[in-house]
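This is what each chain is made of:
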Amino acid sequence: MAENRASVYAEGVPCWVDAQLPDVEAGKRFYGGLFGWTFEDWFGSFVQARKDGEPVAALVRKVDGRLPSVWTVYFATPDALALARRVREAGGQVVSAPVPAGELGVTALLTDPEGAVFALWQPGEHPGFGVRHEPGTFAWAQLYARDTDTANDFYGGLFQEALFGPDAEPDFGRAPVSDVFPAQMPPHFLVHFAVEDVPAALEDVTRLGGRVQAPPFETSYGTVAVVTDDQGASFALLRR
């Protein structure tokens, strides 16, 4: 069932993802082949990805080649300016202050106290995901941190209801970097997309020019494999 309405996404719920890539056309070929996404021009240089007609992600060309090719997770908020202020007060940093994205909504880019990058989304005409938790769509965001206690305090303070409230069904977990990545890897978010068959999806990743970073392993939220696309952007495949 489509979920494309603002009321679905309470503050602190992951509501959107996008990938900054050197070559958006190559990204369309890769993700279209992997997840069956279709694409249409959207806001500015952004291209919206759709699954069965519903919005699921966006691709955009990197404006600076020195920046990493990366997937970014957006957390919903009714007030991006107020939440950005709370992030700063809690020890995070504001990389890009809240700005309107036309009539679609308001966005901001921030880091937590350890430097992991995430974004905020205050919805306007674009509430966020039209569908999630289905094959080929967003399923989970995992924060790989050096200090999970610090992460729990920071995000728990910001997103108490979404993470720990009585009706919480979080799509967001925390784990030590060293669980999956080399200890020197910076703290970061890893976006997970749902698949029906992880080994089969890994074959598709390699066929399309991507590579496997971490073969399938079991977690509390399902079977996960970490991969990169053909331009180096990391993401995960998840079978729940």
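Note that the structure is predicted; figures quoted are calculated from it, not measured.

About the cut-offs
Residues numbered from 1 in each chain as written. Predicted model: local features only at pLDDT ≥ 70, side-chain atom pairs only at ≥ 80, totals over all residues. Heavy atoms only, no water. Salt bridge = Lys/Arg side-chain N within 4 Å of Asp/Glu carboxyl O. Helix = DSSP H or I, 4+ residues; strand = E, 2+ residues; numbered from the N terminus. Buried < 20%, exposed > 50% of the residue type's maximum accessible area, 1.4 Å probe, protein only. Polar contact = N/O pair within 3.5 Å; in protein donor to acceptor, adjacent residues only side chain to side chain. Phe/Tyr/Trp six-rings, centres within 6.5 Å; stacked < 30°, edge-to-face > 60°. Lys NZ or Arg CZ within 6 Å of the ring centre and 35° of its normal. Contact = heavy atoms within 4.5 Å. Pairing = 2+ DSSP bridges. Axes fitted to C-alpha atoms, helices over the stretch in contact; angles between N-to-C directions. Lys, Arg positive; Asp, Glu negative; His and termini not counted.

**Side note on the pattern of salt bridges**
Part 1 of the reasoning: Applying the stated criterion across every chain yields a total of 6 salt bridges.
Part 2 of the reasoning: A salt bridge links E40 to R50; the shortest N-O distance between them is 3.5 Å. You can see E40 sitting in strand β2 (residues 38–41) and its partner R50 sitting in strand β3 (residues 47–51), a full 10 residues away along the chain.
Part 3 of the reasoning: The partly exposed category is assigned to E40, whose relative accessible area is 39%.
Part 4 of the reasoning: Where D64 meets R66, a salt bridge forms, and the shortest distance between an N and an O atom there is 2.9 Å.
Part 5 of the reasoning: On the accessibility criterion, D64 (22% relative accessible area) is partly exposed.
Part 6 of the reasoning: For R66, a relative accessible area of 75% corresponds to the exposed category.

**As for the environment of D18**
Part 1 of the reasoning: In this structure, D18 sits in strand β1 (residues 14–21).
Part 2 of the reasoning: Classification of D18 as buried rests on a relative accessible area of 3%.
Part 3 of the reasoning: A polar contact is formed between the side chain of D18 and the side chain of Y74, at a distance of 2.5 Å.

**Remarks on the packing of aromatic side chains**
Part 1 of the reasoning: The full count for this structure, using the stated rule, is 32 aromatic pairs.
Part 2 of the reasoning: Ring plane angle 20° and centroid distance 5.5 Å describe the contact between Y31 and W37, whose orientation is recorded as stacked. No difference in accessibility class separates Y31 from W37, as the two residues are buried.
Part 3 of the reasoning: With 6.4 Å between their ring centres and 70° between their planes, W37 and F39 make a pair best called edge-to-face.
Part 4 of the reasoning: Here the aromatic residues F30, Y31, F35, W37, F39, W71, F193 and F235 are joined through ring pairs into a cluster of three or more.
Part 5 of the reasoning: Its guanidinium or amino end placed over the ring of F172, R174 lies 5.0 Å from that ring's centre, counting from NZ or CZ.

**So, the environment of V56**
Part 1 of the reasoning: Tracing the chain through its elements places V56 in strand β4 (residues 54–61).
Part 2 of the reasoning: As a C-alpha pair, V56 and G136 span 80 residues in sequence and 8.6 Å in three-dimensional space.
Part 3 of the reasoning: Sequence-distant contacts of V56, defined by excluding residues within four places in its chain, comprise W16, V17, W37, A49, R50, K51, F129, V131 and T137.

**Notes on the side chain of Q231**
Part 1 of the reasoning: Looking at the element boundaries, Q231 is found in the loop between β13 (222–228) and β14 (234–239).
Part 2 of the reasoning: A polar contact of 2.8 Å, which involves the side chain of Q231, links it to the backbone nitrogen of D23.
Part 3 of the reasoning: Excluding residues that lie within four positions of it along the chain, Q231 makes contacts with L21, P22, D23, A26, G27 and S69.

**Some thoughts on the sheet that holds strand β5 (residues 70–76)**
In sheet architecture, strand pairing relies on hydrogen bonds along the backbone and comes in two forms, parallel and antiparallel.
Part 1 of the reasoning: Across the sheet, which stays open at both edges, the 8 strands sit in the order β2-β3-β4-β1-β5-β8-β7-β6 with mixed pairing between neighbours. Across the chains shown, the open sheet's two edge strands, defined by having one partner strand only, are β2 and β6 (93–100). Neighbouring strand axes in the sheet, compared pairwise and without regard to direction, differ in orientation by 25° on average.
Part 2 of the reasoning: Contacts between helix α1 (residues 24–35) and the sheet are confined to β1, β2, β3, β4 and β5, with β4 contributing the most and set at about 150° to the helix.
Part 3 of the reasoning: In the packing of helix α2 (residues 80–89) onto the sheet, the strands contacted are β6, β7 (105–111) and β8 (117–123), and the crossing angle to β6 comes to about 175°.

**So, the pairing of β5**
Part 1 of the reasoning: With respect to burial, β5 is a largely interior element, 6 of its 7 residues being buried.
Part 2 of the reasoning: As judged from the 6 bridges shared by β1 and β5, these two strands associate in the antiparallel manner. Counted as the bridge partner of P14 is F75 from β5.
Part 3 of the reasoning: Of the strand pairs in this sheet, β5 and β8 are connected by 3 bridges, and their pairing is parallel. Residue pairing in the sheet places Y74 in a bridge with A119 of β8.

**Structural notes on the side chain of K62**
Part 1 of the reasoning: Along the chain, the position of K62 falls in the loop between β4 and β5.
Part 2 of the reasoning: For the buried K62, no salt bridge exists, and the shortest N-O distance to an oppositely charged side chain is 7.6 Å, to D64.
Part 3 of the reasoning: Within the structure, the side chain of K62 is placed 2.6 Å from the backbone oxygen of L67, a separation counted as a polar contact.
Part 4 of the reasoning: Ignoring sequence-local partners within four residues, the contact set of K62 consists of Q20, L21, P22, L67, P68 and S69.

**Looking at unusual backbone geometry**
Part 1 of the reasoning: Despite not being glycine, D52 has its phi angle at roughly 55°, a positive value.
Part 2 of the reasoning: Following the sequence through the fold, D52 ends up in the loop between β3 and β4.
Part 3 of the reasoning: Under the relative-accessibility criterion, D52 is labelled exposed at 69%.
Part 4 of the reasoning: Even without a glycine there, the phi angle at H133 is positive, about 65°.
Part 5 of the reasoning: Along the chain, the position of H133 falls in the loop between β8 and β9 (138–145).
Part 6 of the reasoning: Given a relative accessible area of 39%, H133 falls into the partly exposed group.

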